[in-house]
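Examining the three-dimensional arrangement
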Amino acid sequence: MRLKSFQAATLQDALGQVRTVLGQDAIIVATHEEADGVRVTAALESDRVQPWRPPDLARATPVPARAEGDALDVLGMKLAQHRLPPAMSERLLLEAARSGFGDPAPMLAAALRAQLRFAPLESSPGLRPILLIGPPGAGKTAMTARLATRAVLAGQRPLVINADHERAGARAQWESFSELLDIPLTEAFEADDLRQAALEHQGQGPVLIDSAGCNPYHRRDLEHLRRLASTCHAEPVLVLPAGLDRDEAAELAQIMLKLGARRMMTTRLDLTRRLGSLMTAAEHLALAEASASPDIADSLDILDPAKLAQCLLRPDDREESDPS
């Protein structure tokens, strides 16, 4: 790994030097304010220097001279640990430096608020049905059950529609959930059945649709989801498991955006220590709720800027397992 420090009068100028010398793939490891400017340490996993192209940051507003160096150091190291794309790390560090805060958590929360979109789901009668979509094993059924539980606790009577005809045991699992929550359950594997079920429940409470796992690279799967969503004017919401490959997560979000999704829910925050995939997907879809537990009885967390900053800054608390 190639590691090099750069010093300049402003953070923006130092980042420009990083791109000139190390190229677009450099990772910002740390930043520090000094008496005569700012020092940035960057790393490059390959010794091959990439050709430089003028970054959009060249047109950005200059960073205030009194940015908090120690806090930016912490943020730079944390963002590098999460494997964020270099350009995204730069934008967040610039926003953090402009925030006026001196501690990493509020600085990062302000930067996230400026760079990403946050739009939690609201379950109430009269809103569009919610169709949870995503790859197999993403946690769609668990998230649907959590949304249904939240609606029941709010005094609503949701309708759950099981549209997953592929996963073994899906029907038995939903029958158990619906009996426990005392809510109506129906199955609809075809678009016409789904439309009829949603119409019959209209005005009585939220409609939550659990779909089958989708291969985002198969046109047939995408067309099936498109028909399900359009037939009852449902909002497709991506369920994204944290910890995917960063580029594949971004590609998945882009595909679902074309399908009509505008928001995503996140699972497996408890099993993931690098959130680069979540962050790249969040450049395309707004962040809604998240789960950090496999227990369906646990409530959903609204993933707002403060909560996401907390996740990004948390210490690496992985416990060593005893193979015996």
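Please refer to the structure higher up on the page.
The rules behind the values
- Residues numbered from 1 in each chain as written.
- Predicted model: local features only at pLDDT ≥ 70, side-chain atom pairs only at ≥ 80, totals over all residues.
- Heavy atoms only, no water.
- Helix = DSSP H or I, 4+ residues; strand = E, 2+ residues; numbered from the N terminus.
- Buried < 20%, exposed > 50% of the residue type's maximum accessible area, 1.4 Å probe, protein only.
- Pairing = 2+ DSSP bridges.
- Contact = heavy atoms within 4.5 Å.
- Axes fitted to C-alpha atoms, helices over the stretch in contact; angles between N-to-C directions.
- Parallel < 35°, antiparallel > 145°, perpendicular 65-115°, else oblique.
- Left-handed = near helix turned anticlockwise from the far one by under 90°.
- Nonpolar A, V, L, I, M, F, W, Y, C, P; charged D, E, K, R; others polar.

1. Let's talk about the side chain of Asp221
For Asp221, the location among the structural elements is in helix H8 (residues 219-231). Take Asp221: its relative accessible area is 16%, and that puts it in the buried class.

2. Quick notes on the sheet that holds strand E11 (residues 301-302)
Taken in spatial order, the eight strands of this open sheet run E6-E5-E7-E4-E8-E9-E10-E11, and their pairing is mixed. A single partner strand is all that each edge strand has here, and the edge strands are strand E6 (185-187) and E11. With five bridges joining them, strand E8 (residues 235-241) and strand E9 (residues 263-267) adopt parallel strand pairing. Bridged to Val239 within E9 is Met265. Those strands touched by helix H7 (residues 191-200) are strand E5 (159-163), E6 and strand E7 (207-211), and its axis lies near 175° from that of E5.

3. A look at the packing of helix H3 (residues 86-98) against helix H4 (residues 104-115)
One way to put it is that H3 packs onto H4 with a least axis distance of 8 Å and a crossing angle of 120°. In terms of orientation, H3 and H4 fall into the oblique class. Crossing angle aside, the handedness with which H3 passes H4 is right-handed. Where H3 abuts H4, its residues Arg91, Leu92, Glu95, Ala96 and Ala97 lie against Met107, Ala111, Leu112, Ala114 and Gln115. Its residues assigned to classes, the contact of H3 with H4 comprises seven nonpolar, one polar and two charged.

Function-wise, these values are silent; they only describe arrangement.
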